[in-house]
Amino acid sequence: MTTTKRENRIAELVELAQEWNCTFMDALLEILYTFYEIAGFERERLDAEFGPMSDDELMEAYLVTFP
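None of the values given here were measured: they were computed from a predicted structure.

Our next topic: the packing of helix α1 (residues 3–20) against helix α2 (residues 24–38). Interaxial distance between α1 and α2 falls to 8 Å at its minimum, and their mutual angle equals 100°. Accordingly, the angle class assigned to the pair α1 and α2 is roughly perpendicular. Here I10, L13, V14, L16, A17 and W20 of α1 lie close against α2, whose contacting residues are F24, A27, L28, E30 and I31. Looking at the contact of α1 with α2 residue by residue, the class counts come to 10 nonpolar, no polar and 1 charged.

If you want it as structure tokens, here you go:
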């Protein structure tokens, strides 16, 4: 992923966080949870997967999921 594309994806998240009146990380997690719950993953499984991840790891997961 190019730097510009990465910056654009991050800027989109910032905008969503502002629209939703939440933090950047809350917006990122909401999008990841929603996507994977729709795909059939249980919330508890996602909690176990995302819970121990650092902010940087969550951001990478988001960027890989939504290139």
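Tallied over the full model, the rule gives 6 aromatic pairs. Seen from their ring centres, F35 and Y36 are 4.9 Å apart, and the 90° between their planes marks the pair as edge-to-face. In this structure F35 comes out as partly exposed when scored by relative accessible area, which is 36%. Measuring from centroid to centroid gives 5.3 Å for Y62 and F66, while their planes differ by 45°, and the two rings are tilted. A network of ring pairs unites the aromatic residues Y33, F35, Y36, F41, F50, Y62 and F66 as a single cluster. Across from the ring centre of Y33, 3.9 Å away, lies the NZ or CZ of R43, which sits over that ring.

Rules of the game
Residues numbered from 1 in each chain as written. Predicted model: local features only at pLDDT ≥ 70, side-chain atom pairs only at ≥ 80, totals over all residues. Heavy atoms only, no water. Axes fitted to C-alpha atoms, helices over the stretch in contact; angles between N-to-C directions. Helix = DSSP H or I, 4+ residues; strand = E, 2+ residues; numbered from the N terminus. Parallel < 35°, antiparallel > 145°, perpendicular 65-115°, else oblique. Contact = heavy atoms within 4.5 Å. Nonpolar A, V, L, I, M, F, W, Y, C, P; charged D, E, K, R; others polar. Phe/Tyr/Trp six-rings, centres within 6.5 Å; stacked < 30°, edge-to-face > 60°. Buried < 20%, exposed > 50% of the residue type's maximum accessible area, 1.4 Å probe, protein only. Lys NZ or Arg CZ within 6 Å of the ring centre and 35° of its normal.

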